[in-house]
Amino acid sequence: MTIERYNPRAVEPRWQTAWDEAGLYETKTDAPGEKYYVLEMFPYPSGRIHMGHVRNYTMGDVVARYKRAQGFNVIHPMGWDAFGMPAENAAMQNKVHPAKWTYENIASMRTQLKSMGLSLDWSREFATCDVEYYHRQQMLFLDFLDAGLAYRKKSKVNWDPVDMTVLANEQVEDGRGWRSGALVEQRELTQWFFKITDFAEDLLQALDHLPNWPEKVRLMQKNWIGKSEGLMVRWSLAEGGKPEGIDELTVFTTRPDTLFGASFLAVAADHPLALKLAESDPKLAEFAAECRRSGTSAEALETAEKKGYQTGVEAVHPFDPNWKLPVYVANFVLMDYGTGAIFGCPAHDQRDLDFARKYVLPVKPVVLPPKEDPTVFSIYSEAYDGDGVLFNSGFLDGKTPDEGFEAVASRLENADLAGKPIAERRINFRLRDWGISRQRYWGCPIPVIHCEACGVVPEKRENLPVELPEDIDFEKPGNPLDRHPTWRKTSCPQCGAEALRETDTMDTFVDSSWYFARFTAPRAENPTVPDTANQWLPVDQYIGGIEHAILHLLYSRFFVRAMKTTGHLDLGEPFKGLFTQGMVVHETYKDGREWVPPADVNIFEENGKRVATRISTGAEIAIGGIEKMSKSKKNVVDPEDIIGRFGADTARWFVLSDSPPDRDVIWTEAGAEGAFRFVQRLWRLVSEAAPHVAGTGAVSDPEAQPGLDIRKAAHRAAHGVQTDIERLGFNKAVARIHELVNALAGPLSEIGKADANTKAAAAAALDMLVRLIAPMMPHLAQECWTLLGHEDFVSAQSWPAVDAGLLRDDSVTLPLQINGKKRGDLTVLAEASKAEIEQAALAAEVVRQALNGGEPKRLVVVPGRIVNVVV
RNA sequence: GCGGGCGUGAUGGAAUGGUAGACAUACGGGACUUAAAAUCCCGAGGCGAAAGCCGUGCGGGUUCGAGUCCCGCCGCCCGUACCA
């Protein structure tokens, strides 16, 4: 009998249609089974899916299908993170309307995603740029405003003085605007903020109750929130040099114990003191202007060379009226953190030390490290930030830094400066309120109105949605809403007078901060149906990239708190389980200066070295590094091509198999072909065996071979795959399935000649195998399932039950070590006691030789693990 | 700069502090074939004839035992609040 090759191009669309028609993956809130919410981070509709999407959505799909087989009522929705800058850039470059560009991209990406055979509930799909979605987001905004969670304040933006527009941080390159090339300036605008800092303490504390989040993400968020306990210390400014009206300077410090090591004070360029001084000091004004030209990103600010400007103002040390310290304006002091002013202790802070060396300021150590001699200990090029004993510090001498903190705090709390205590204890957070204003068109309009008489007035709820106008132009840079001829003009909801609409739109992070909640009732009149949201949420397993470890996840955590405050749901945390998957990377190829796409490259081995040639020209080209797939380096593999050539199951299998899911996976042609061969191998195995195992009954003799081995292999694989999927160890689950197929290949090749008992065992094993691969390769599994004589859907089958008795062995082989090095094996009964193992070990030939008649120094026995004899 | 992570054969990787290299890819040998592809079987960390020695980015340490834990480096990746 000849077996045809498995043809995914015919099989996959056929089953996808059948699943669709059966409504197999549409979720009913009242269906039986415990709820389980699987969600992958929804994509930005860039136009085409990439391998990163394939990997992300395959992982989620495996979990969804596995949980369904376990009897859960699974919800697995999909949508589009559809607002954002790329649509506006496309509008400027290609004169296409952002909406048209976005919805066309969504249409083609939807088709691509559907070809992957994902078990998604498409009936819940929406895009964040749908009016129906951002309408509800505006409702949330108004509720947040009422609850005091939204407010306006001044804040800085990157301003391009040539294009007269606000730039995103990524649009600033080396301090210049990416289009105009003009030096960027910082500008202050009044903008909208969400009060995430109201929840700072809770956002921090609750991290301890997210056991199913990666430790690294919790740590990153903890550090981002940055709670610190410190002291606000007021320094009086010395007479002469201090500007009129400013008599003191308040700094925040977490190290008051090092006060005696202070050698300077520094303030931010935008600190009130700096602004005041700059009025009469042109050089300072120029220095401050220079500080403002670096753009607003923390990275740019902090990697810039540390510079300061000595103002001539002096501050008086709180413990010594005769000790005066110079006050600098410094580019590394941030106005957003603490009070925008610091005192520098060079001996115990590296940045302060670098600053002190540059401006030749004193470096006096005040913390003595253990085992150091106070008479000779000095600081050279490295600051000491460890523990020790305070010295050179007057009344603090001999105390630990912690005791010093307390001593300084209690003394200064009770000391007086101009009728108020000099210092005050303060808990400070690094976390800042979330600025949501964007001066752009393609985003959710902020539904407020500016009235000359009434000020800032929320739009009436019955007037929502505030819709984006469609007739806009992108001829000029800047916000099209601002220059629209009529859109802004409206009447004040309060007094009815002529008024203007807010033209800022919301940060797209707002859109993605509650979409998971909207999925639970995607067509509801209100943002959520609270009962339904509470029933489905939290998301049990959320899967996405590590790049979202802080902002997106923290903003979503804020949103459920704010939505709870405003009555939209009742939930502690949005995501119960979180998994961060790695990227898909690919080798790069270069023909001279030109990057060459992998599709135009032929790789072969010559004299043990890999050689690449360009298919179109035949020329040998250079093999470059393995990098994140990017258009600029052309090292992109298009999932559509892969699915067209090999089918979705091959693509899915490959992205699951080759790397641990939290690490990067390297896409290789050979790996993809290998996955395709495995698909064919599985198909052949099942289709050759199917006629022989059809209609076999139950296993009659459970102990007979080879039936027992076949059953053991199947049950062990099922157990392993189950454990691995539970832990999202997909690559290991794949290895377990390889092992099972390897184990079945021998017996199945002779199944035609086998007895009924063996056939029955083989039939059961094949049945199990197909169920095990179903979450990962659903189309192939379905086709095999049908071959094995079933008429229903394998996706509707339950997960195979594992017989624990088949997982055990009668005897185990332990490695036998002598002095920690393996010298032999020891086979003992599985239930052997420690003493029995010890006896067996001492009786072993290698051990007797090593002991040479003597006694072992030590005998380590870990049952089921190892025996180590120390001689 | 700061915060977080990662580093194991030719390659991707496996390994509750307990046999380093499961499983796969590439490669080599064999079977089948007129031939090739596909398929099946076998081999394989390095050095060595073997016994054995060496081996998880580098340098130290803890332990009966370290890829795993601790300290110090190096390299790469992610984030750094207006990319999503």
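Keep in mind it's a predicted model, so treat the numbers as computed, not measured.

What counts, and at which threshold
- Residues numbered from 1 in each chain as written.
- Chains lettered and ligands numbered in written order.
- Predicted model: local features only at pLDDT ≥ 70, side-chain atom pairs only at ≥ 80, totals over all residues.
- Heavy atoms only, no water.
- Near = heavy atom within 4 Å.
- Polar contact = N/O pair within 3.5 Å; in protein donor to acceptor, adjacent residues only side chain to side chain.
- Helix = DSSP H or I, 4+ residues; strand = E, 2+ residues; numbered from the N terminus.
- Nonpolar A, V, L, I, M, F, W, Y, C, P; charged D, E, K, R; others polar.
- Core = buried A, V, L, I, M, F, W, Y, C linked by side-chain atoms within 4.5 Å.
- Buried < 20%, exposed > 50% of the residue type's maximum accessible area, 1.4 Å probe, protein only.
- Domains from an automatic or database assignment.
- Contact = heavy atoms within 4.5 Å.
- pLDDT = per-residue confidence, 0-100.
- Phe/Tyr/Trp six-rings, centres within 6.5 Å; stacked < 30°, edge-to-face > 60°.
- Lys NZ or Arg CZ within 6 Å of the ring centre and 35° of its normal.
- Pairing = 2+ DSSP bridges.
- Axes fitted to C-alpha atoms, helices over the stretch in contact; angles between N-to-C directions.
- Salt bridge = Lys/Arg side-chain N within 4 Å of Asp/Glu carboxyl O.

1. Some remarks on the protein's contact with RNA strand B
So, step 1. In the neighbourhood of RNA strand B, 65 residues make up the surrounding shell, with Asn169, Arg440, Asp658, Lys822 and Asn868 lying closest.
So, step 2. For RNA strand B, the fraction of atoms within 4 Å of the protein that belong to sugar or phosphate moieties is 66%.
So, step 3. Interatomic distance of 3.1 Å between a backbone N/O atom of glutamate 170 and a phosphate oxygen of RNA strand B.
So, step 4. Take arginine 684: an N or O atom from its side chain is 3.4 Å from a sugar or linking oxygen of RNA strand B.
So, step 5. For the surface near RNA strand B, the leading source of residues is helix H22 (residues 730-749), giving six residues.
So, step 6. Across the surface near RNA strand B, the residue classes tally to 24 nonpolar, 17 polar and 24 charged.

2. Quick notes on the nonpolar core
So, step 1. Formed by 171 residues in total, the largest nonpolar core has its most connected members in Phe141 and Met776.
So, step 2. At 12 residues, helix H20 (residues 669-693) tops the list of elements feeding residues into this core.
So, step 3. When residues of this core are assigned to domains, at least three map to each of domain 1 (8-135 + 509-581) and domain 4 (665-807).
So, step 4. Here methionine 776 is in contact with Val62, Asp649, Arg652, Trp653, Leu656, Val721, Ile725, Ala733, Val734 and Ile737, once residues within four sequence places are set aside.

3. Quick look at the confidence of the model for chain A
So, step 1. Model confidence for chain A is summarised by a mean pLDDT of 90, while 98% of its residues fall at 70 or above.
So, step 2. If you check the scores for this complex, the pTM reads 0.93 and the ipTM reads 0.94.

4. A short note on helix H24 (residues 778-787)
So, step 1. By the criterion of burial, H24 is predominantly enclosed, with eight of the 10 residues buried.
So, step 2. Every buried residue of H24 is listed here: Pro778, His779, Leu780, Ala781, Gln782, Glu783, Cys784 and Trp785.
So, step 3. Where the residues of H24 are buried, they touch helix H1 (8-22), helix H2 (51-69), helix H19 (648-657), H20 and helix H23 (756-773).
So, step 4. Following H24 by one or two positions, glycine 789 adopts a phi angle in the positive range, close to 100°.

5. Here's the deal with the packing of aromatic side chains
So, step 1. As enumerated under the stated definition, the model contains 46 aromatic pairs in all.
So, step 2. Considering the side-chain rings of tryptophan 434 and phenylalanine 558, the 6.1 Å spacing of their centres and the 80° angle between planes classify their relative orientation as edge-to-face. Linking tryptophan 434 in strand E19 (residues 434-435) with phenylalanine 558 in helix H17 (residues 551-565), this pair joins segments that are 124 residues apart in sequence. Like phenylalanine 558, tryptophan 434 is buried.
So, step 3. One aromatic cluster in this structure is built from Phe141, Phe144, Trp192, Phe194, Phe199, Trp434, Phe509, Tyr555, Phe558 and Phe559.
So, step 4. Stacked on the ring of tryptophan 19, the Lys or Arg arginine 65 has its end atom at 5.1 Å from the ring centre.
So, step 5. A cation over an aromatic ring shows up here: arginine 557 above the ring of tryptophan 213, its NZ or CZ 5.9 Å from the ring centre.

6. A closer look at the sheet that holds strand E10 (residues 264-267)
So, step 1. Across the sheet, which stays open at both edges, the four strands sit in the order E11-E12-E10-E13 with mixed pairing between neighbours. Two strands bound the open sheet, and with one partner strand each, they are strand E11 (308-317) and strand E13 (341-344). Averaged over all adjacent pairs, the angle separating strand axes in this sheet is 30°, with direction ignored.
So, step 2. Contacts from helix H9 (residues 282-292) reach E11 and strand E12 (320-330) within the one sheet, and its direction differs from that of E11 by about 110°.
So, step 3. On the sheet, helix H11 (residues 350-358) packs against E10, E11, E12 and E13 and is oriented at approximately 75° with respect to E13.

7. So, the pairing of strand E36 (residues 858-862)
So, step 1. With five bridges connecting them, E36 and strand E37 (residues 866-870) associate as antiparallel partners. Directly across from valine 861, in E37, lies its bridge partner valine 867.
So, step 2. What sits between E36 and E37 in their antiparallel hairpin is a turn of three residues, with glycine 864 showing a positive phi close to 80°.

8. Let's talk about the domain arrangement of chain A
So, step 1. Assigned domains of chain A: these are domain 1 (8-135 + 509-581), domain 2 (227-429), domain 3 (584-628), domain 4 (665-807) and domain 5 (811-870).
So, step 2. Each of domain 3 and domain 4 was reduced to a C-alpha centroid, and the two centroids are 38 Å apart.

9. Regarding the pattern of salt bridges
So, step 1. This structure, assessed with the given rule, holds 47 salt bridges.
So, step 2. Of the charged contacts in the structure, one is a salt bridge between arginine 561 and aspartate 202, with a shortest N-O distance of 2.6 Å. Placement of arginine 561 in helix H17 and of aspartate 202 in helix H6 (residues 200-205) is noted, with a sequence separation of 359 residues between them.
So, step 3. Put simply, arginine 848 and glutamate 845 hold a salt bridge, and the shortest N to O gap is 3.0 Å. Remark: glutamate 845 and arginine 848 occur in helix H26 (residues 845-851); sequence separation between them is three residues, near one turn of the helix.

10. Observations concerning unusual backbone geometry
The general pattern is negative phi for most residues beyond glycine and trans for most peptide bonds.
So, step 1. Residue proline 465 is bonded to the preceding leucine 464 through a cis peptide linkage, with omega at 0°.
So, step 2. Tracing the backbone shows proline 465 in the loop between strand E22 (455-458) and helix H13 (480-483).
So, step 3. Along the chain, leucine 537 connects to proline 538 via a cis peptide bond; the corresponding omega equals 0°.
So, step 4. Inspection of the secondary structure puts proline 538 in the loop between helix H16 (530-536) and strand E26 (541-545).
So, step 5. At valine 360, a residue that is not glycine, the phi angle is positive and equals roughly 50°.

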